[in-house]
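Results of the structural survey
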Amino acid sequence: MELDTEKNAPISASGGASHEVVAEDKLRRSLSPRQVQMIAIGGTIGTGLFLGTGKALATGGPASLLLCYAIVGAIVFVTMLSLGEMAAFVPVAGSFCTFSSRYVDDAWGFALTWNYWFNDAVSTAADLVALQLILQYWTDTFPWYALGLIVWFCLVLINIVNVRAYGEVEYWLSLLKVVTIVIFIILSIAVNAGGNTSHDYIGARNWYIPGAPFVGGIGGFASVFVTASFAYGGTESIAITAGETRDPARQLPRVVKNVFWRILFFYILGSLMIGLNVPYNYPSLNSKDTRTSPFTIAFQLAGSKVAGSFVNAVILTSIVSAGNHALFAGSRLLYTLSVNGHAPQVFGRLTRFQVPWVSVLFTSLVSGLLFGASFIRASQLWTWLQNIVGVSNQLSWISIGIASLRFRAGLKAQGKEHLLPFKNWTYPAGPIIAVVLNIFIVLVQGWSCFSPKFSAVDFVSYYIELPVFGLMFVIWKLVKGTKFKRASEMDLVTDVYTKDDIEPENERWTSKLKRVGGWLCF
């Protein structure tokens, strides 16, 4: 597909800067800083944190839960710094998938974008399946498909109207999640100190019960990595909103800088409190038929069944939010595939509100079909989907690190480093370490499928993404004859925003107050 070389009117009207060359920057920039800040959290807080921590605790123990979430959190933070640097310079909906095509190899970008699109379709399906697991807290008689279909229809409607509707729904659902986690951490401290049904001081007691703190040895420890990767998945997709964000060169660096504190508070502190208060062998924490969130268990330990029902309802809305975000990201990537000539042109069609409606419908259709497979057994299917998404996230983080290194090489070769609106202060050590650690984790996290006996189904869920990704890369490279991008030949002109494109900021006290509120996600 040929590239459009003129900026279309709607973009200019919505506050975008005027550029000479435009390819993907055609979506309406309607997401406000308030919405973008909250979506940065909303994309990361979902089933991985609320349900995944329970599975991780049961299979790896409290120490594995804390360590693995901390290690993956560090990797994600460095990865986000690398991604933020590129996304502020080229704020397009394709994000890291586009960067892989432009700075590494078009075949790599092709394989990565299709891989991540499928990741988002699977994530949406996983969230629909998770609804069944959460609903079992109240009843087993409600039809397994009913709630999922209702939510699926609502998600399609929200994403097809306009991006402002998506942003507003995501903002309020994410705000509810943030408030719930803050309450959970405060309540967990009280429960640990003796404010529980038995009025006993818990302390670190659950770290010393038989089998803890490392459950299942090295196999249990390694398996938690993929659960943690699933939980953190979506952090990187905040850059996908860059194509529809106002003043992206200013707003995206702010979002990225705040990621560290959110990882530390929501994931690491949350994991610590779960490991302290909930024993790894707690009933229904990780059974084959049901699964209870450790967040719900914490409220039960405080002696309030009503509070347990409330937090379970909040978890239900968080799953809707996570599915909403995944469907948004997946549809934008399918649109990017179309624009770049990697998918049929029909997926590039936009509504009058500049929403890629065909991509939204197709992505939601695939998610619906995957959800339909949950008659197998909801809990087991959710575990398989979680593994697939987790590995897919890791492949994306590896690709971001590689693209970041190549991006900087291109800027240096073309003398454009001074134009960056935001610089990754961990370069070059950060991206290199993140890539190496990610590769190591991808290879070892499936340890549990080999021991004590080989599980073919688990093996496939852990490693199927690797040959599929490699095969797509090789096929596209052979068919199209793509070449590795040389630093001096990289496209550092199309869709670019520089320091000069940052909109003037109002320095009144109200603007400063808004910036503080943005950091707090209000």
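Heads up: the structure comes first, above all this text.
As a starting point, this report considers the structure included with it. Remember, it's a predicted structure, so these values are computed and weren't measured experimentally. (Residues numbered from 1 in each chain as written. Predicted model: local features only at pLDDT ≥ 70, side-chain atom pairs only at ≥ 80, totals over all residues. Heavy atoms only, no water.)

**Things to note about the environment of alanine 313**
Tracing the chain through its elements places alanine 313 in helix α12 (residues 305–339). Measuring from C-alpha to C-alpha, the distance between alanine 313 and threonine 296 comes to 9.6 Å, with 17 residues separating the pair along the chain. (Helix = DSSP H or I, 4+ residues; strand = E, 2+ residues; numbered from the N terminus.)

**A look at a nonpolar patch on the surface**
A cluster of nonpolar side chains, contributed by Phe450, Phe454, Phe459, Val460, Ile464 and Val468, occupies part of the molecular surface with about 510 Å² of accessible area. Inspection of the secondary structure assignment puts valine 468 in helix α17 (residues 465–480). The partly exposed category is assigned to valine 468, whose relative accessible area is 38%. (Patch = residues over 30% accessible without salt bridge, like charges linked within 9 Å, V, L, I, M, F, W, Y side chains within 5 Å. Areas by Shrake-Rupley, 256 points an atom, 1.4 Å probe, with all protein chains shown as cover. Salt bridge = Lys/Arg side-chain N within 4 Å of Asp/Glu carboxyl O. Buried < 20%, exposed > 50% of the residue type's maximum accessible area, 1.4 Å probe, protein only.)

**A look at the pattern of salt bridges**
A side chain with one charge may pair with a side chain of the opposite charge, provided their charged atoms come close. Under the definition given, this model contains 4 salt bridges. For glutamate 85, the salt bridge goes to arginine 408, with nearest N and O atoms at 2.6 Å. One end of the pair, glutamate 85, is in helix α4 (residues 52–89); the other, arginine 408, is in helix α14 (residues 378–414), with 323 residues separating them in the sequence. As far as burial versus exposure is concerned, glutamate 85 and arginine 408 are alike and both buried. A salt bridge links lysine 477 to aspartate 105; the shortest N-O distance between them is 2.5 Å. Here the residue lysine 477 occupies a position in helix α17, and aspartate 105 occupies one in the loop between α5 (95–103) and α6 (106–135), the gap between them amounting to 372 residues. With relative accessibility at 26%, the residue lysine 477 sits in the partly exposed group. A residue is classified by how much of its surface remains accessible, and aspartate 105, at 4% relative accessible area, is buried.

**Things to note about unusual backbone geometry**
With an omega of 5°, the peptide bond between alanine 212 and proline 213 qualifies as cis. Relative to the elements of secondary structure, proline 213 occurs in the loop between α8 (163–192) and α9 (217–232). Each neighbour pair has its own omega, and for tyrosine 427 with proline 428 the value is 0°, a cis peptide bond. Within the secondary structure layout, proline 428 lies in the loop between α14 and α15 (429–444). In this model, glutamine 354 sits at a positive phi of 60°, which is unusual for a non-glycine residue. Relative to the elements of secondary structure, glutamine 354 occurs in the loop between α12 and α13 (357–372). The buried category is assigned to glutamine 354, whose relative accessible area is 6%.

**Some words on α9**
End to end, α9 covers 23 Å across 16 residues, agreeing with the expected 22 Å (1.5 Å per residue, within 8%). Across the 16 residues that make up α9, a large majority, 13, are buried. Positive phi appears at glycine 234, one or two residues downstream of α9, with a value of about 110°. (Expected span 1.5 Å × (residues − 1).)

**So, the packing of aromatic side chains**
This model, assessed by the stated rule, comprises 25 aromatic pairs. An angle of 80° between the planes, with centres 5.3 Å apart, marks the rings of phenylalanine 221 and phenylalanine 225 as edge-to-face. Of this pair, phenylalanine 221 and phenylalanine 225 both sit in helix α9, 4 residues apart, which is roughly one turn of the helix. Relative accessible area serves as the criterion here: at 21%, phenylalanine 221 is assigned to the partly exposed category. Accessibility expressed as a relative area gives 6% for phenylalanine 225, which makes it buried. Joined through ring pairs, the aromatic side chains of Phe450, Phe454, Phe459, Tyr462 and Tyr463 make up one cluster. Taking NZ or CZ as reference, arginine 408 lies 4.4 Å from the ring centre of tyrosine 427, over its face. (Phe/Tyr/Trp six-rings, centres within 6.5 Å; stacked < 30°, edge-to-face > 60°. Lys NZ or Arg CZ within 6 Å of the ring centre and 35° of its normal.)

**Here's the deal with the packing of α8 against helix α10 (residues 248–277)**
α10 packs onto α8 with a crossing angle of 35° between their chain directions and a minimal axis gap of 10 Å. Crossing angle aside, the handedness with which α8 passes α10 is left-handed. Seen from α8, the contacting residues are Val178, Ile181, Val182, Phe184, Ile185, Ser188, Ile189, Val191 and Asn192; seen from α10, they are Phe265, Phe266, Leu269, Gly270, Met273, Ile274, Leu276 and Asn277. For the contact of α8 with α10, the class distribution of residues is 13 nonpolar, 4 polar and no charged. (Axes fitted to C-alpha atoms, helices over the stretch in contact; angles between N-to-C directions. Left-handed = near helix turned anticlockwise from the far one by under 90°. Contact = heavy atoms within 4.5 Å. Nonpolar A, V, L, I, M, F, W, Y, C, P; charged D, E, K, R; others polar.)

**Considerations on the nonpolar core**
Residues Tyr69, Phe99 and Phe295 are the most contacted members of the largest nonpolar core, which totals 130 residues. For this core, the leading source of residues is α4, giving 19 residues. Grouped together as the second largest cluster of nonpolar side chains are 5 residues, Val226, Cys449, Tyr462 and Tyr463 included. (Core = buried A, V, L, I, M, F, W, Y, C linked by side-chain atoms within 4.5 Å.)

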